[in-house]
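Breakdown of the fold
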Amino acid sequence: MNEDEDRIRECKKCEDLKQAETRSDGVPDLSSNFCSDEGTYYLTLPLLSTNGTLPNRGSYEEPLLDKRIASLDVFRGLTVVAMIVVDYFGGHWWGINHAPWNGVTFADFVLPAFLFIVGVALSLTFKVTTNKLDVSCKLVLRVIKLFSLGLLLQGGYLHSVNDLSYGIDMQRIRIMGVLQRIAIAYGTVACFEIFSSRTTSEASGTFFGVIKVYCWQWIGGALLACLYAGLLYGVYVPNWQFEAPHESLYVDINAWRGNISLLQVDCNVRGDVSPGCNAVSFIDRTIMGVSHLYTKPAYRRLEACSVDSPYTGPPPENAPSWCMAPFDPEGLLSSLPAVITCFIGAHYGHTLLLVKDHYRRIQQWSILGAGLVIFGFVLEFAGVPFNKQLYSLSYTFLTGGVSGIMFIVIYMIVDVYKWRLSTIIFKWIGAHALMITMILEALGLS
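These numbers were taken from a predicted model, which means no experiment stands behind them.

Before going further, it helps to examine the nonpolar core. One finds Leu122, Phe126, Ile182, Tyr228 and Tyr348 to be the most contacted residues of the largest nonpolar core, which totals 99 residues. Per-element tally for this core: the top contributor is helix 9 (residues 335-354), with 12 residues. Residues within four places of Tyr348 in sequence aside, it is in contact with Phe116, Val120, Trp365, Leu368, Gly369, Gly404, Phe407 and Ile408.

This paragraph deals with the pattern of salt bridges. All chains considered together, the criterion is met by five salt bridges. Lys138 is the salt-bridge partner of Asp134, the closest N and O atoms lying 3.4 Å from each other. On the criterion of helical spacing, the pair formed by Asp134 and Lys138 is a turn pair, its members being four residues apart in helix 4 (residues 132-154). The partly exposed category is assigned to Lys138, whose relative accessible area is 45%. One salt-bridge network, in which partners are shared between bridges, spans Arg174, Asp328, Glu330 and Lys388.

The next subject is a nonpolar patch on the surface. Nonpolar side chains collect at one region of the surface, where Leu421, Ile424, Ile425, Trp428, Met435 and Ile439 lie side by side and expose about 650 Å² of accessible area between them. Counting only elements with at least two residues in the nonpolar patch, the list comes to helix 12 (424-431) and helix 13 (433-442). Considering every element that reaches the nonpolar patch, the biggest residue donor is helix 12, with three residues. Locating Met435 in the fold gives a position in helix 13.

Our next topic: the packing of helix 7 (residues 215-234) against helix 8 (residues 279-288). If you want to describe how two helices pack, look at the angle between their axes and the distance between the axes. At a closest axis distance of 8 Å, the pairing of helix 7 and helix 8 adopts a crossing angle of 90 degrees. Classified by the angle between their axes, helix 7 and helix 8 sit roughly perpendicular to one another. Of the residues in helix 8, those touching helix 7 at Tyr228, Leu231 and Leu232 are Ala279, Val280 and Ile283. Grouping the constituent residues of the contact of helix 7 with helix 8 by class yields six nonpolar, no polar and no charged.

Formally, a disulfide is one covalent bond, and it connects the sulfur atom of one cysteine to the sulfur atom of another. Taken as a whole and assessed by the stated rule, the structure comprises two disulfides. Between the sulfur of Cys267 and that of Cys277 lies a disulfide, 2.1 Å long from S to S. With the S-S bond torsion at -85 degrees, the cross-link from Cys267 to Cys277 turns out left-handed. With Cys267 in the loop between strand 7 (260-265) and strand 8 (269-270) and Cys277 in the loop between strand 8 and helix 8, this residue pair connects regions lying 10 residues apart in the sequence. Neither residue differs from the other here; Cys267 and Cys277 are each classed as buried. Numbered by position along the chain, the disulfide-linked cysteines of the chain connect as 1-2, 3-4.

Moving on, we come to the packing of aromatic side chains. Within this structure, the stated rule accounts for 21 aromatic pairs. On the numbers, 5.7 Å between centres and 70 degrees between planes, the contact of Trp101 with Phe327 is edge-to-face. Here the residue Trp101 occupies a position in the loop between helix 2 (70-89) and helix 3 (110-125), and Phe327 occupies one in the loop between helix 8 and helix 9, the gap between them amounting to 226 residues. Residue classification places Trp101 among the buried positions, given a relative accessible area of 5%.

Time to look at the packing of helix 10 (residues 358-381) against helix 11 (residues 393-416). Closest axis-to-axis distance for the helix 10/helix 11 pair is 7 Å, and the angle between their directions is 155 degrees. With respect to helix 11, the axis of helix 10 lies roughly antiparallel. The handedness of the crossing between helix 10 and helix 11 is left-handed.

So, on to the confidence of the model for the chain. In low-pLDDT regions, the fine details of the predicted coordinates are not to be read closely. On average, residues of the chain score 79 in pLDDT, and 74% of them reach the 70 mark or higher. Low pLDDT (under 50) marks residues 17-66, which in the prediction has 98 contacts with non-local residues, meaning those over four places away or in another chain. In this model residues 248-259 is a low-confidence stretch, pLDDT under 50, and it forms 20 contacts with partners more than four residues away in sequence or in other chains.

This part takes up helix 9. Given 3.6 residues per turn, any residue in an α-helix points the same way as the ones three and four places further on. Helix length check: helix 9 (20 residues) gives 29 Å between terminal C-alpha atoms against 28 Å at 1.5 Å per residue, within 8%. Counting buried positions along helix 9 gives 20 out of 20 residues, so the element sits mostly inside the fold.

This part takes up the side chain of Glu193. By the element assignment, Glu193 lies in helix 5 (residues 178-195). On the basis of relative accessible area, Glu193 is assigned to the buried category, the value being 0%. At a separation of 3.0 Å, a polar atom in the side chain of Glu193 contacts the side chain of Gln217.

With an omega dihedral of 10 degrees, the bond running from Ser309 to Pro310 counts as a cis peptide bond. The backbone of Tyr391 shows a phi angle near 50 degrees, a positive value even though the residue is not glycine. Positionally, Tyr391 belongs in the loop between helix 10 and helix 11. Using a relative accessible area of 0% as the deciding quantity, one classes Tyr391 as buried. At Lys418, a position not held by glycine, the phi torsion is positive, near 60 degrees. Structurally, Lys418 can be placed in the loop between helix 11 and helix 12. For Lys418, a relative accessible area of 31% gives the class partly exposed.

Conventions and cut-offs
- Residues numbered from 1 in each chain as written.
- Predicted model: local features only at pLDDT ≥ 70, side-chain atom pairs only at ≥ 80, totals over all residues.
- Heavy atoms only, no water.
- Core = buried A, V, L, I, M, F, W, Y, C linked by side-chain atoms within 4.5 Å.
- Buried < 20%, exposed > 50% of the residue type's maximum accessible area, 1.4 Å probe, protein only.
- Helix = DSSP H or I, 4+ residues; strand = E, 2+ residues; numbered from the N terminus.
- Contact = heavy atoms within 4.5 Å.
- Salt bridge = Lys/Arg side-chain N within 4 Å of Asp/Glu carboxyl O.
- Patch = residues over 30% accessible without salt bridge, like charges linked within 9 Å, V, L, I, M, F, W, Y side chains within 5 Å.
- Areas by Shrake-Rupley, 256 points an atom, 1.4 Å probe, with all protein chains shown as cover.
- Axes fitted to C-alpha atoms, helices over the stretch in contact; angles between N-to-C directions.
- Parallel < 35°, antiparallel > 145°, perpendicular 65-115°, else oblique.
- Nonpolar A, V, L, I, M, F, W, Y, C, P; charged D, E, K, R; others polar.
- Disulfide = S-S within 2.5 Å.
- Phe/Tyr/Trp six-rings, centres within 6.5 Å; stacked < 30°, edge-to-face > 60°.
- Left-handed = near helix turned anticlockwise from the far one by under 90°.
- pLDDT = per-residue confidence, 0-100.
- Expected span 1.5 Å × (residues − 1).
- Polar contact = N/O pair within 3.5 Å; in protein donor to acceptor, adjacent residues only side chain to side chain.

Here it is in structure tokens:
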């Protein structure tokens, strides 16, 4: 008798869930996307049936925490492999090395892809936050750990396998880096995910419906773009000096002060985006100090700075002084548009949550991805060059759109058509991306 009663209760529970899944107006209700069972949240995702077609509504429930989004892991794994290829072979072929200044190459899409993936993952991780104070404390600790890890790996504490030098000069330690930039983007977007108010019950599942629900994220991204553009083109950059590196050929005998050779870069401009006089470097020098910037910037491979351009080589006789100046491609001001890339990834994750049909997701993602790429080229033609070193807005939209298109392709292969065997190695790499990155950095291979 007790077994019959339990069976009846279970059937009634299933019937209630099916009725809650679709409202009377046919609009997906986000509350039905999540079911809780002792603190475990489940996300309803449509899966393919055995014949390759979409199943009926109500027949697909997939645990969000118990089962990772496979396509996201595969995309992350492919990005790690791309990073390794760039680090190993970028110096041998300029096509897979970072562009010296303006323009984009294969290598310039790697970091934006990481930031995009972080955004997608964030939207899923912080979708349900019952205790905002507790989640915020954990977020702060995560950001501090990630930033500290980047400082440890890229600040000069560790030596490579071919370098026997030990110790660190605190007066010249590099403060910013790739992991530090990811930590800044992660913390900023996560705060919006946790604290921004939204009414998910009003989600329509349309393209603009998703934007309406997460309008604060879009407002935040727009404000960051305006702040970056205002500072880049509005800050006055005066003349400045830096200590000539030991390998410099530009030692001016009149610049010697206390046995230190100083080189001067003549600027006195506003809105310049050249290597020596841009506001990005000026703000980094002002806040962090010129001695804490990256000492081997990519623009040393420019024709003005290298006789072997686009490869690294000795400077020509008439090379400008800024060729030997330090510059951090992961600096403070250029991290603002990097956060926008993370916001773009978060929107793709929001669509994953609010839109239940594979093909509607792909349609909305494709519209955004193509629109971002087109807008990036419009800015390029308008005079805003693609520039990874400055993380220009045209570069932001181009790489964000390309990352979104790549995610669509991988999502269709892995999560729609279930061709997972051929991507299993990338899925494993993606699931252990941070560990692999740490090992490569510690060995001096990245």
